[in-house]
Amino acid sequence: MVETTGGGPGDGTAEVLDRPLPDGVRRRVVQIVSDGFGGLTVAELPAQLRQYARFAPNRRAKFAGNAMAAALETDPIFRQRIAEKLREAQPELAGALDSGSPPPAADPLDVAAAAYVLRPMGWVKLVTAAGEEAQRADAERADDETRAELERLREELAEARGRTKAETERLRAELESTKKEAESLHRKLRGAFSDVKRGEAALRKVQSEIEAVRAEGQAQVSAAESETRRLKARLGETEAALEASRKAAREGRSVEDMRVRLLLDTVLDAAQGLRRELALPPVSVRPAETVDAVEPGRMTPKDIAARALSENDPAIIDQLLALPQAHLVVDGYNVTKTGYPQMPLEKQRLRLLGQLSQLAAQTGAEVTCVFDGAELAAPVLLAPPRGVRVLFSKAGVTADELIRQLVRAEPPGRPVIVVSTDREVADGIAKAGARPVASIVLLKRFSRG
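This one's a predicted model, so the numbers in the text were calculated from it and none came from an experiment.

Draft legend 1. Spatial organisation of the overall build of the protein. A tally of regular secondary structure across the protein gives 14 helices and 5 strands. Per-residue burial for the protein yields a buried fraction of 29% across its 449 residues.

Draft legend 2. The pattern of salt bridges, seen in detail. One pass over the structure, following the stated rule, counts 18 salt bridges. Measuring nitrogen to oxygen at the nearest pair gives 3.2 Å for the salt bridge that ties arginine 408 to glutamate 401. According to the relative accessible area criterion, glutamate 401 is partly exposed, its value standing at 28%. Beyond isolated ion pairs, a larger network of salt bridges with shared partners links Glu366, Arg389, Glu410 and Arg414.

Draft legend 3. Representation of the packing of aromatic side chains within the structure. Using the criterion set out here, one finds 2 aromatic pairs in the structure. An angle of 55° between the planes, with centres 5.0 Å apart, marks the rings of tyrosine 333 and phenylalanine 371 as tilted. Of this pair, tyrosine 333 sits in helix 10 (residues 332-339) while phenylalanine 371 sits in strand 2 (residues 366-371); the two residues are 38 residues apart in sequence, bridging distant segments of the chain. Above the ring of tyrosine 333, the side-chain terminus of lysine 337 is found at 5.4 Å from the ring centroid.

Draft legend 4. View of the packing of helix 1 (residues 23-37) against helix 3 (residues 65-74). At a minimum axis separation of 9 Å, helix 1 and helix 3 run at an interaxial angle of 90°. In terms of orientation, helix 1 lies roughly perpendicular with respect to helix 3. Every residue of helix 3 that contacts helix 1 at Arg26, Val29, Val30, Val33, Ser34 and Phe37 is listed here: Gly65, Asn66, Met68, Ala69 and Leu72. Of the residues in the contact of helix 1 with helix 3, the class split is 7 nonpolar, 3 polar and 1 charged.

Draft legend 5. How the structure looks around the packing of helix 10 against helix 11 (residues 345-363). Interaxial distance between helix 10 and helix 11 falls to 10 Å at its minimum, and their mutual angle equals 100°. The angle between helix 10 and helix 11 falls in the class roughly perpendicular. Contacts from Gly332, Tyr333, Val335, Thr336 and Lys337 in helix 10 reach Leu345, Gln348, Arg349 and Leu352 in helix 11. Here the residues of the contact of helix 10 with helix 11 are counted per class, giving 4 nonpolar, 3 polar and 2 charged.

Draft legend 6. Here's a closer look at the sheet that holds strand 4 (residues 416-419). Strand order in the open sheet made by the 5 strands is 3-2-1-4-5, with parallel pairing throughout. Only two strands of the sheet have a single neighbouring strand rather than two, namely strand 3 (388-392) and strand 5 (435-437). Sheet twist, expressed as the mean angle between neighbouring strand axes with direction ignored, is 20°.

Draft legend 7. Molecular detail of the side chain of arginine 414. One can find arginine 414 in the loop between helix 12 (399-409) and strand 4. Exposure remark for arginine 414: the relative accessible area of 6% places this residue in the buried category. Not counting chain neighbours up to four residues away, the residues in contact with arginine 414 comprise Leu262, Leu263, Thr266, Gln325, Ala326, His327 and Glu366.

Draft legend 8. How the structure looks around the nonpolar core. Among the nonpolar cores identified, the biggest contains 34 residues, and Val25, Val29, Leu72, Phe78, Ile82 and Val117 are the most heavily contacted of them. Mapped onto this core, the elements with two or more residues apiece are helix 1, helix 3, helix 4 (76-89), helix 5 (91-99), helix 6 (108-118) and helix 7 (123-278). A per-element tally of this core places helix 6 first, with 9 residues. Residues contacting phenylalanine 78, with those up to four places away along its chain left out, are Val33, Leu40, Glu44, Leu45, Pro46, Leu49, Met68, Ala71 and Leu72. Listed in part, the 29 residues of the second largest apolar core include Leu320, Leu328, Val335 and Ile417.

Draft legend 9. Molecular detail of the pairing of strand 4. The alternating pattern of strand 4 places Val416 and Val418 and Ile417 and Val419 on opposite faces, both of which are buried. Note: strand 1 (residues 327-331) against strand 4, 4 bridges, orientation parallel. Across the sheet, the residue bridging to valine 330 is valine 419, located in strand 4. Sheet topology places strand 4 next to strand 5; 3 bridges connect them, and they run parallel.

Conventions used here
Residues numbered from 1 in each chain as written. Predicted model: local features only at pLDDT ≥ 70, side-chain atom pairs only at ≥ 80, totals over all residues. Heavy atoms only, no water. Helix = DSSP H or I, 4+ residues; strand = E, 2+ residues; numbered from the N terminus. Buried < 20%, exposed > 50% of the residue type's maximum accessible area, 1.4 Å probe, protein only. Salt bridge = Lys/Arg side-chain N within 4 Å of Asp/Glu carboxyl O. Phe/Tyr/Trp six-rings, centres within 6.5 Å; stacked < 30°, edge-to-face > 60°. Lys NZ or Arg CZ within 6 Å of the ring centre and 35° of its normal. Axes fitted to C-alpha atoms, helices over the stretch in contact; angles between N-to-C directions. Parallel < 35°, antiparallel > 145°, perpendicular 65-115°, else oblique. Contact = heavy atoms within 4.5 Å. Nonpolar A, V, L, I, M, F, W, Y, C, P; charged D, E, K, R; others polar. Pairing = 2+ DSSP bridges. Core = buried A, V, L, I, M, F, W, Y, C linked by side-chain atoms within 4.5 Å.

Function cannot be inferred from these measures alone, as they are strictly geometric.
This is the structure we're talking about:
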């Protein structure tokens, strides 16, 4: 494609640049396009540059540089318009390029950029020469900087050598002084070492004497302590025996009275219940009736339990608790871990005790719930619910053993019902006269309400 530049003596549009535009020349070309950009209307701009029409020159050069350079290269009409704006802005430089004699004092990069836009005859040579001139200038500048840096490094090296030499001399002087001090200290150390040896010998002699005296004193103290321990042991045994005697005298009577009174209440309640069930007419008490014996037709816990449909029928709980003076003993964790093992222990306890409190209120029976204290990390702060006695086993005592103690503490003949799935517990309390019930039966009774 051939185009004119509008007034030049020669036409260099046919010339082609066979290498990339030098960076310095390209930056000047973009600046020329950015400066002339503002003098054109939006319609005069290529389509790809219209979005930058309202940008300031510096922002256009920064964000649209590549687009402007490409448009200048591919759009002859746009380049001609920019060339006209350049001729208006720099007529002297444009005239000199048209005449083929660029100003000698002008910057080669400015001359090359203007020639690239105006395209006079020989513009390729001007652009090439400007690129080579810029490369030579960059090389000379880099060479000058390298020489300056080398000279600076030489000066620093010389200065460092001087400092190193002075520091070496100083260190040598300090080394000599340190050697003399070390020799003096070595002599003093040898004298002090001799004094220490003499002192250690005297110390060993004194220590041997002290050890002899200490051994004799320890033997005497050991004999005295042994005698003291023996006397304290005898005193403790005497005090323990005396306290046991006092406790037996003080508690023996009250425990037996309690057992007899509880058994008596059980017998009386059973007799009254039997009287109501048989509808016997009231009679006066005869002396022979005070003798404890099994009367014909008298109902026992086994007779009441036999009325249930099966051992797993929850109605057996109500039948057993309907006995006079019935005492329900519950193996707490055995029940909770059968019914709701996924809950934390604290919530297991609270849930079971709430259900037992309702059962106690419904039946009026005495209810005791036993938990294993071995699983507790700390004492439990727990307010027992109404109608339920809560016990934790002591250290070294299991809940099973505590249940056996509770059963043995009851007088013979009182109805005691123990809820536990543990076969060993069930067998043991059955031998003691209590009635075992599986935990699942109590859970079914709770679910029934």
